[in-house]
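# Close look at the chain arrangement
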Amino acid sequence: MDISDIILPGDTPGTEWRLPVIRFKGSDPKAPKVYMQAALHAGELPGTAVLHFLCEHLRRAEAEGAIRGDITIVPHANPIGAAQAHFGDMQGRFDLGTRTNFNRDFPLISVRDRETLTDDLERYPAVEQLKRQLLYMALGADLVLDLHCDDESLQYAYIDDAFWPEASDLAAALDMAAVFLSDGESSAFEEAVGHALKHALEGERRTHLPGRLAVTLELRGTRDVYPEMAKADAQGLWNFLAGRGIVSGDAKPLGDFKGDALPLDNIEMIRAPQPGAVLFHKSLGDRVQEGDVLATIITHPGRENGSIEVRAPQAGLIVTRVSTRFARRRADLMKILCSEKTRANRKPGTLED
Ligand SMILES: [Zn+2]
């Protein structure tokens with residue numbers, strides 16, 4: 001195991017950031033190379049915990065000569081976001097200086113131009129340097145896993161359909177409840193990796209990328225950071241790495257992925273039509289029917305007719321729910337995975353800002 005720090009010069013005198021990178025060298029140059037990072041949204045820590053425990057497996061494997069493919073791990077990918085606080089709350093999703101989501105605005109380039117990412121880095125602000133360093137490392141790998149989490153959530157993943165159904169081994173390894181097949185139309189980290197691979201050849205856009213992978217894993221909710229949960233997911237990742245021939249040794253066979261894999265157009269984003277206190281009637285993992293009451297919103301407390309009901313637009317599986325109990329007008333409340341396309345007008349790209 002080799003640990004080195006990438007130094008990111010700060011944007012003001014006297015500041016700099018350090019980004020620790022952990023590397024395990026593989027013995028077989030033909031084995032796939034893997035890159036894994038967590039907490040790009042700095043407060044999303046289930047992945048950081050999983051990678052911590054995965055490194056225990058990998059150190060043991062290294063001592064036994066069982067690492068075949070190069071493995072690069074960035075267990076906390078966003079020191080800049082981790083340091084941002086506003087009235088005591090970490091602001092790990094958006095860069096406070098520019099209001100840009102830390103997981104958007106990654107450079108959309110071809111993998112052929114990988115070296116240009118780190119050319120003359122000093123001309124970029126620290127956040128842009130961070131994004132370029134992360135994407136540079138990812139584009140040196142065959143398989144790229146970006147570990148996030150939702151607010152309150154089942155285990156699910158965003159996977160570009162260029163990698164599906166090959167990636168169902170990963171979904172099975174982590175016992176995913178669902179896979180959202182993304183459309184590759186955003187500048188999120190995982191989609192920037194997919195973009196670079198699709199445009200590897202000049203004048204050609206590949207739609208299927210066998211042997212490659214770029215995925216955003218949503219490891220349940222923000223508060224789902226527990227030792228046993230993280231160790232079980234680390235074992236799942238280990239089994240995935242073994243299945244792909246990156247490590248050798250004891251691993252469980254992966255079995256089949258049992259959840260649903262459906263496009264983003266099949267996600268109903270349930271929003272609050274009016275502001276107020278939210279009283280949920282349904283929980284994560286519930287299967288609902290069209291018309292079921294999902295939540296009551298008390299819009300005018302204490303008055304007759306002072307509440308409204310939010311109902312399911314179609315049948316589906318509740319995959320995520322917000323943890324706050326006050327909704328602003330149009331605030332997201334739930335994501336429901338449905339067998340039919342949503343009738344809401346969804347723009348291509350990500351589901352949320
Ligand atoms: Zn995230």
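Residues numbered from 1 in each chain as written. Predicted model: local features only at pLDDT ≥ 70, side-chain atom pairs only at ≥ 80, totals over all residues. Heavy atoms only, no water.

Right, let's get into the coordination of the zinc ion. For the zinc ion, the full set of protein donor atoms is His-41 (ND1), Glu-44 (OE), Glu-44 (OE) and His-148 (ND1), at a range of 2.0 to 2.6 Å. Between the 4 donor atoms coordinating the zinc ion, the angles at the centre fall across 53 to 144°, so the site counts as irregular. For the zinc ion, the single-chain donor residues occur in sequence as H-x2-E-x103-H. Of this pair, His-41 sits in the loop between strand 3 (34-38) and helix 1 (46-63) while His-148 sits in strand 9 (residues 143-150); the two residues are 107 residues apart in sequence, bridging distant segments of the chain. The exposure class of His-41 is buried, given its relative accessible area of 4%. You can call His-148 buried: its relative accessible area is 2%. (Donors = N, O, S within 2.8 Å, 3.2 Å for Na, K, Ca; no water. Tetrahedral: all angles 85-135°; square planar, octahedral: opposite > 155°, others 65-115°. Helix = DSSP H or I, 4+ residues; strand = E, 2+ residues; numbered from the N terminus. Buried < 20%, exposed > 50% of the residue type's maximum accessible area, 1.4 Å probe, protein only.)

Turning our eyes to something else, we now look at the sheet that holds strand 19 (residues 307-311). In spatial order, the strands read 19-18-16-21; together these 4 strands make up an open sheet with antiparallel pairing. Edge positions in the open sheet fall to strand 19 and strand 21 (326-327), since each of these has one partner strand only. (Pairing = 2+ DSSP bridges.)

Further remarks concern the domain arrangement of the chain. Splitting the chain by domain gives domain 1 (2-258) and domain 2 (265-337). Counting the surface lost from both domain 1 and domain 2, the interface buries some 970 Å², and carbon and sulfur atoms represent 61% of this. In terms of surface lost to domain 2, no three residues of domain 1 exceed Glu-152, Leu-154 and Phe-180, which account for 58% of the buried area on that side. Where domain 1 touches domain 2, the interface holds 3 salt bridges. Counting the contacts that link domain 1 with domain 2 gives 4 residue pairs in polar contact (both at pLDDT 80 or more). (Domains from an automatic or database assignment. Buried area = accessible area lost by both parts, 1.4 Å probe. Salt bridge = Lys/Arg side-chain N within 4 Å of Asp/Glu carboxyl O. Polar contact = N/O pair within 3.5 Å; in protein donor to acceptor, adjacent residues only side chain to side chain.)

Next up on the list: the pattern of salt bridges. Under the counting rule described, the total for this entry stands at 20 salt bridges. For the salt bridge of Glu-152 with Arg-325, the shortest nitrogen-to-oxygen distance reads 3.8 Å. One end of the pair, Glu-152, is in strand 10 (residues 152-153); the other, Arg-325, is in the loop between strand 20 (316-321) and strand 21, and 173 residues separate them in sequence. A residue is classified by how much of its surface remains accessible, and Arg-325, at 35% relative accessible area, is partly exposed. Look at the salt bridges and you will find they share partners, linking Asp-5, Glu-16 and Arg-18 into a network.

Turning our attention to the environment of Ala-196. Within the secondary structure, Ala-196 is located in helix 5 (residues 189-198). Residue Ala-196 is classed as buried on the basis of its relative accessible area of 0%. Residues Ala-196 and Leu-333 lie 137 residues apart in sequence; the distance between their C-alpha atoms is 33 Å. When near neighbours in sequence (up to four residues on either side) are disregarded, Ala-196 contacts Ile-109, Ser-110, Val-111 and Leu-139. (Contact = heavy atoms within 4.5 Å.)

Right, let's get into unusual backbone geometry. Trp-164 connects to Pro-165 through a cis peptide bond whose omega is 10°. Within the secondary structure, Pro-165 is located in the loop between strand 11 (155-160) and helix 4 (168-173). Look at Phe-87: it is not a glycine, yet its phi comes out positive at around 50°. Within the secondary structure layout, Phe-87 lies in the loop between strand 5 (85-86) and strand 6 (89-90). Phe-87 gets classed as exposed once you look at its relative accessible area, which sits at 76%. Despite not being glycine, Arg-220 has its phi angle at roughly 60°, a positive value. Its location among the elements puts Arg-220 in strand 13 (residues 213-221).

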